[in-house]
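The residues making up each chain are set out below.
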Amino acid sequence: MKLYCLLVIALLMLLSGLLYAQKFEGLALTPPMGWNSWNTFGCDVNEGLIREMADAMVSSGMMDVGYRYIIIDDCWHGIRDSLGFIHPDSQRFPSGMKALADYIHIRGLKLGIYSCAGEKTCAGRPGSRDHEYQDARTYAQWGVDYLKYDWCNNTGLNSVVAYTTMRDALFAAGRPVVFSICEWGDTKAWEWGKDVGHLWRTTGDITDCYDCEVNHGTWSSWGIMKIVEMRKDIRQYAGPDHWNDPDMLEVGKSMSQSEDRAHFSLWCMMAAPLIAGNDLRNMKKETTGILTNVEMIAIDQDLLGIQGFRYDAKDDLEVWVKPLKDGEWAVCFLNRSTIPREMIFDWSKNVITDPVSRWALDPGITVYSIRNLWKKKEIGTTKSIFQAVIPVHDVVVLRLRKNVD
Ligand code: GLA
């Protein structure tokens, strides 16, 4: 009888362990979209700025095309009190996080916040180490919907254990939260992150240049093409609810319009989270045009959730492809060179099979109609050879649909 009781108790413990040890499923069936404070404002965050950004997300039309999360990155923190509870900086967030969450929620948006697995964040604010369950409960009380969880000051930590602990803490707190793993690819989160978080950073920090490395001494930040090159072989790990995250967008900062367009297009081709990082309050209309191109966003948000891949590269001209639902395809021609280049692409000579998903594009057999997604117009079918001059660092992105005529 005693043994029987012990067995029942062990079974109950196992079951409750299973119930309380998982991520919230289904919160990111397509890559998350939003805005994050870090790329433009760094540590200079406050509640007025965040409220204005929420307003701008609505008035710019970004909310209408799918952007949802307003994410406060590092430096919102004040003290951790004598009982261990974390508080926002009382000078910068005098109304408190709950009031800010309410402001954001009333507008139909969601609030994201930032913490770190180490004792301190990357900017030296209190991290969540040894306070995971307490912090997760606090975030739930505030109404937080998204947590970006960084990896600074990680001495003595195992990333799988540290991120799983926070995942379980969030789940136990009971409020659905998108969990964004930010260990920069140092411990290959793509190999273990699927059951832990909804997205994981694949590289170190992005910076707003097309193809540079900025050396900060002990670490570097990376331009767009450097990030693209760094993790070429991990697309098979991405899919609905678990995305590779090549970092936040630098659209609308210092790059040319062509470079911004190429950056945004590649992120859409890679099914990357679309987290804007510019000042939404005073965007040029060209920037708004890029960030709110619904047909490009549809490529990123396609329900198959297949990360696209580079099919061909010759003389700085690249061809990227992405299988889409209903047998459709996105094709992105990229000019990486510093002079305008002519792209000539004979569809009939290209049978493309995706080695991961096995979807096949065979314009020799099936005729597809073609739409140019930046020009927003139909440009014929795959019966004709595609030909166009692509400006420096720019793209042409096409959507191919089976021709039913
Ligand atoms: C790390 C992250 C960045 C940002 C900063 C904040 O560098 O990778 O995205 O969150 O920390 O300090």
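Structural data are supplied above this passage.
Residues numbered from 1 in each chain as written. Predicted model: local features only at pLDDT ≥ 70, side-chain atom pairs only at ≥ 80, totals over all residues. Heavy atoms only, no water.

Student: Would you mind going over the overall build of the chain with me for this structure?
Tutor: Within the chain, the regular secondary structure consists of eleven helices and 22 strands. Whereas a compact globule of 405 residues would reach a radius of gyration of roughly 22 Å, the chain reaches 23 Å, a difference of no more than 12%. With respect to the principal axes defined by its C-alpha atoms, the chain has extents near 75 × 60 × 45 Å. By sequence separation, contacts in the chain at least 24 residues apart represent 69% of the contacts at least 6 residues apart. Of the accessible surface of the chain, which amounts to about 17,400 Å², a share of 54% is contributed by carbon and sulfur atoms. Of note, the chain has its 44 positive side-chain charges centred 3 Å away from the centre of its 52 negative side-chain charges. (Helix = DSSP H or I, 4+ residues; strand = E, 2+ residues; numbered from the N terminus. Rg over C-alpha atoms; globule rule 2.2 N^0.38 Å. Contact = heavy atoms within 4.5 Å. Areas by Shrake-Rupley, 256 points an atom, 1.4 Å probe, with all protein chains shown as cover. Lys, Arg positive; Asp, Glu negative; His and termini not counted. Charge placed at Lys NZ, Arg CZ, Asp CG, Glu CD.)

Student: Got a minute to help me understand the site of the ligand in this structure?
Tutor: In the vicinity of the ligand lie 13 residues, with Asp73, Asp74, Lys148, Asp150 and Asp205 positioned nearest. One nitrogen or oxygen atom from the side chain of aspartate 150 is found 2.8 Å from an oxygen atom belonging to the ligand. In the environment of the ligand, an oxygen atom lies 2.5 Å from a nitrogen or oxygen atom belonging to the side chain of aspartate 205. When the ligand is considered free in solution it has 310 Å² of accessible area, and contact with the protein chains removes 94% of it. (Near = heavy atom within 4 Å. Polar contact = N/O pair within 3.5 Å; in protein donor to acceptor, adjacent residues only side chain to side chain.)

Student: Help me understand the nonpolar core, please; the structure alone is not making it clear to me.
Tutor: What tends to happen in soluble globular proteins is that the nonpolar side chains get buried as a cluster. Core analysis: the biggest nonpolar cluster contains 90 residues, and Tyr67, Trp76, Phe264 and Trp267 have the highest contact counts within it. Residues Leu317, Trp329, Phe345 and Leu361 belong to the second largest nonpolar core, which totals 19 residues. (Core = buried A, V, L, I, M, F, W, Y, C linked by side-chain atoms within 4.5 Å. Buried < 20%, exposed > 50% of the residue type's maximum accessible area, 1.4 Å probe, protein only.)

Student: What is the right way to read the packing of helix α3 (residues 47-59) against helix α4 (residues 96-106) from this model?
Tutor: Think of two packed helices as two axes; the pair is described by the angle between the axes and how far apart they sit. Between α3 and α4, whose axes approach to 10 Å, the crossing angle comes to 15°. With respect to α4, the axis of α3 lies roughly parallel. Along this stretch, α3 crosses α4, giving a crossing that reads as right-handed. Contacts between α3 and α4 involve Glu47, Ile50, Arg51, Ala54 and Asp55 from the first element and Gly96, Leu100, Tyr103 and Ile104 from the second. Broken down by class, the residue content of the contact of α3 with α4 amounts to five nonpolar, one polar and three charged. (Axes fitted to C-alpha atoms, helices over the stretch in contact; angles between N-to-C directions. Parallel < 35°, antiparallel > 145°, perpendicular 65-115°, else oblique. Left-handed = near helix turned anticlockwise from the far one by under 90°. Nonpolar A, V, L, I, M, F, W, Y, C, P; charged D, E, K, R; others polar.)

Student: Looking at this structure, I do not really get the pattern of salt bridges. What am I missing?
Tutor: Any two side chains of opposite charge can pair, on the condition that their charged atoms come close. For the structure on display, the rule yields 28 salt bridges. Its salt-bridge partner being aspartate 168, residue arginine 167 comes within 2.8 Å of it at the nearest N-O pair. The class of aspartate 168 is buried, set by a relative accessible area of 13%. Here the salt bridges do not stand alone but share partners, grouping Glu229, Lys232, Arg310, Glu318 and Arg336 into one network. (Salt bridge = Lys/Arg side-chain N within 4 Å of Asp/Glu carboxyl O.)

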